[in-house]
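The primary structure of each chain is shown beneath.
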Amino acid sequence: MTQPLGPVMLDIEGTQLSDDERRLLARPEIGGVILFQRNTHDAEQVRALTRAIRDVRPDMLLAIDQEGGRVQRLRDGVTRLPSMATLAAGYAEMPDAARALVHETGWLLGMEMAACGFDITFAPVLDVDDQHSPAIGDRSFSADPDIVTVLGEAFIDGLHEAGMIAVGKHFPGHGGVSLDSHHALPEDTRSLSALREHDLVPFKTLSGKLDAVMPAHVVYTAFDSRPAGFSPSWLGMLREELSFKGVVFSDDLSMAGAHVAGSPSARAEAAWAAGCDMVLVCNDRSAALEVLDVAAGHSSKRLGKLRYGRARPELETLPALARWRRAHARLEALSETPSH
């Protein structure tokens, strides 16, 4: 019988746990830790760090943003992955080959992150790249929602084959706005029907395969005045119309796009009230502590389903797998190819 996990995911300062952090992580309101680039020296050190966190809290969800391209928090001792746009580049001429390559990318990423001790890599990006958004760009597979859907599914299947969960982001789509929600609150003024026919396509088609979803800090003015992650209307659509049964993570509540909801505790309360299961509060320890103080009573039973459930692969034995060697060589070569 497992206890429901606390509803807050936060970060730590360095490449090792401090004594203060060991005491902090004992708080039951914390259900997860996310590692950033400053926490990663190489794969061996990260594996030691995730083990140290589990020594304090064996039940903790451990996460990282490891997508490929420019979003790879861990770079040494694991495969350098090309961007999703690079992986998708050959789709028009050879769709089956592109789909197979994306599947292998998801599998390899899942195996490597599992070996490093993670339960979650926040991927895939299911945003449709309309060449407006500096936050998305080549993180997206394509400007075509059908290609995003096909390749997103292949990536998800690869992650699942490796025993890793898939987190689709950023619902209902961040690709149509020119502002970056890390630094401002973007507004998307398109009609709901335009969003349904375009950005929502990957999420609608893949909702049954996704284990978790992360909504965008974007206001879609035709549907709600609140950003999607604070919107009971958007998250209600995700649950009811799209029949999504998994976990909803807030995007980082420290991002500028989240500040519209007020103080850190007000942002967290708004996210939980809208339907988020777990909120991320990163790079602002005082904000995280404020959120922890209002987190009692918000635990979610869904979160426990995200734990990596298999015997973890070992970093040292992955190169013994011919499949890993083939995928690793192909992806490293693509990562070294200049993008145009």
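Residues numbered from 1 in each chain as written. Predicted model: local features only at pLDDT ≥ 70, side-chain atom pairs only at ≥ 80, totals over all residues. Heavy atoms only, no water.

In the nomenclature of an unreviewed UniProt entry, the protein chain is known as Beta-hexosaminidase of Chromohalobacter sarecensis. Under the UniProt heading Function (unreviewed entry), the note attached to the protein chain is "Plays a role in peptidoglycan recycling by cleaving the terminal beta-1,4-linked N-acetylglucosamine (GlcNAc) from peptide-linked peptidoglycan fragments, giving rise to free GlcNAc, anhydro-N-acetylmuramic acid and anhydro-N-acetylmuramic acid-linked peptides." Regarding the protein chain, the relevant UniProt record gives this comment under Pathway (unreviewed entry): "Cell wall biogenesis; peptidoglycan recycling." (UniProt positions renumbered as here; feature names shortened; annotations may be inferred.)

To continue, consider the UniProt feature "binding site: substrate" (unreviewed entry) in the protein chain. According to UniProt, the "binding site: substrate" (unreviewed entry) feature falls on Asp65, Arg73, Arg139, Lys169 and His170. None of the other annotated residues line the largest pocket; only Asp65, Arg73, Arg139, Lys169 and His170 do. On the secondary structure map, Lys169 appears in strand E7 (residues 167-171). Looking at Lys169, the relative accessible area reads 2%, which means it is buried. Once you skip the residues sitting within four places of it in the chain, Lys169 turns out to touch Asp65, Glu67, Phe122, Pro124, Val125, Leu126, Asp127, Arg139, Phe203 and Met214. Take His170: it is sitting in strand E7. Non-local contacts of His170, meaning those with residues more than four positions away in its chain, are made with Asp127, Ile136, Arg139, Phe203, Met214, Pro215, Ala216 and Asp251. A polar contact of 2.8 Å, which involves the side chain of His170, links it to the side chain of Asp127. (1 Å grid on protein atoms, 1.4 Å probe; cavity = no way out; pocket = protein on both sides within 12 Å on 5 of 7 lines; lining within 4 Å. Helix = DSSP H or I, 4+ residues; strand = E, 2+ residues; numbered from the N terminus. Buried < 20%, exposed > 50% of the residue type's maximum accessible area, 1.4 Å probe, protein only. Contact = heavy atoms within 4.5 Å. Polar contact = N/O pair within 3.5 Å; in protein donor to acceptor, adjacent residues only side chain to side chain.)

Before going further, it helps to spend a moment on the packing of helix H9 (residues 264-274) against helix H10 (residues 285-292). Two elements in contact, H9 and H10, have axes separated by 8 Å at closest approach and are oriented at 55°. When the axes of H9 and H10 are compared, the pair comes out oblique. Judged by the twist between their axes, the crossing of H9 over H10 is right-handed. Residues Pro264, Ser265, Ala268 and Trp272 of H9 lie in contact with H10, whose contacting residues are Ala287, Glu290 and Val291. (Axes fitted to C-alpha atoms, helices over the stretch in contact; angles between N-to-C directions. Parallel < 35°, antiparallel > 145°, perpendicular 65-115°, else oblique. Left-handed = near helix turned anticlockwise from the far one by under 90°.)

With that settled, consider the pattern of salt bridges. The tally for this structure, following the rule as stated, stands at 28 salt bridges. For Glu67, the salt bridge goes to Lys169, with nearest N and O atoms at 2.8 Å. Here Glu67 is found in strand E4 (residues 66-68), whereas its partner Lys169 is found in strand E7, with 102 residues between them in sequence. Assessed through its relative accessible area of 4%, Glu67 is described here as buried. A salt bridge links Arg190 to Asp188, with the shortest nitrogen-to-oxygen separation between them at 2.7 Å. Under the relative-accessibility criterion, Asp188 is labelled buried at 2%. In the salt-bridge network here, residues are joined through shared partners; they are Asp65, Glu67, Arg73, Arg139 and Lys169. (Salt bridge = Lys/Arg side-chain N within 4 Å of Asp/Glu carboxyl O.)

Counting 91 residues, the largest nonpolar core has Val33, Ile53, Trp234 and Val279 as the members making the most contacts within it. The element contributing the most residues to this core is helix H4 (residues 95-115), with 10 residues. Sequence-distant contacts of Trp234, that is, excluding residues within four places in its chain, are made with Phe171, Pro172, Leu192, Leu195, Leu200, Tyr220, Phe223, Asp224 and Ala228. (Core = buried A, V, L, I, M, F, W, Y, C linked by side-chain atoms within 4.5 Å.)

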